[in-house]
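Each chain, written out:
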Amino acid sequence: TTMALKALTDNPFILSLATWAWDSDPSPLVTPTTCLDSLPFLTTPCFTRLIAKGIGIGIILASCINKAPVVRNILKSRSVAGLSIAASYGEVIMYSNAAFYNILRGNPFTAY
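Residues numbered from 1 in each chain as written. Predicted model: local features only at pLDDT ≥ 70, side-chain atom pairs only at ≥ 80, totals over all residues. Heavy atoms only, no water.

Peer 1: I keep staring at the side chain of Ser-38 and nothing clicks. Help me out?
Peer 2: Structurally, Ser-38 can be placed in the loop between helix H3 (32-37) and helix H4 (44-77). The class for Ser-38 is buried, based on a relative accessible area of 17%. In terms of polar contacts, Ser-38 uses its side chain to reach the backbone carbonyl oxygen of Cys-35, at 2.8 Å. (Helix = DSSP H or I, 4+ residues; strand = E, 2+ residues; numbered from the N terminus. Buried < 20%, exposed > 50% of the residue type's maximum accessible area, 1.4 Å probe, protein only. Polar contact = N/O pair within 3.5 Å; in protein donor to acceptor, adjacent residues only side chain to side chain.)

Here it is in structure tokens:
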């Protein structure tokens, strides 16, 4: 199994995923190399960071899916009749405010 793990950790795709998941963590206990070396049983800091990234991606996907029925209805009817202009502008202001705040703080996109 150590040969299989070595082959896995040498894979460029796996290395890029590990870098994305663990490289931005300020803790010296969480680095891509450290976390990949601890496979198949991740250390607690590596595991919690991976779970946090997964939850962030899940929230982003759920937000996209949340708007899918509205977009489908607009495309199907080829009309935006019935949509509230004030609600649409309010959403744009709210999402822009959250995005600017997180960009200025330097937070990763999955933490927005």
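So, next bit.
Peer 1: Hey, could you run me through the packing of aromatic side chains in this one?
Peer 2: When we look at a pair of aromatic rings, we describe it by the centre distance and by the angle of the planes. Counting across every chain of the model gives 0 aromatic pairs. Over the aromatic face of Trp-20 sits the side chain of Lys-53, whose NZ or CZ is 4.6 Å from the ring centroid. (Phe/Tyr/Trp six-rings, centres within 6.5 Å; stacked < 30°, edge-to-face > 60°. Lys NZ or Arg CZ within 6 Å of the ring centre and 35° of its normal.)

Peer 1: It is not clear to me how unusual backbone geometry should be interpreted in this structure. Could you clarify?
Peer 2: Negative phi is the rule for most residues except glycine; trans is the rule for most peptide bonds. Despite not being glycine, Arg-78 has its phi angle at roughly 55°, a positive value. Structurally, Arg-78 is set in the loop between H4 and helix H5 (85-105). Given the relative accessible area of 78%, Arg-78 is considered exposed.

Peer 1: What is the right way to read the nonpolar core from this model?
Peer 2: Note that soluble globular proteins tend to have their nonpolar side chains buried in a common cluster. Judged by nonpolar contacts, Ala-18, Ala-21, Trp-22, Val-30, Cys-35, Leu-36 and Cys-46 together constitute the single largest core of 7 residues. With 3 residues, the top contributor of residues to this core is helix H2 (residues 12-22). The contacts of Val-30, once residues within four sequence positions are left out, are Trp-22, Asp-25, Cys-35, Pro-45, Cys-46 and Arg-49. (Core = buried A, V, L, I, M, F, W, Y, C linked by side-chain atoms within 4.5 Å. Contact = heavy atoms within 4.5 Å.)

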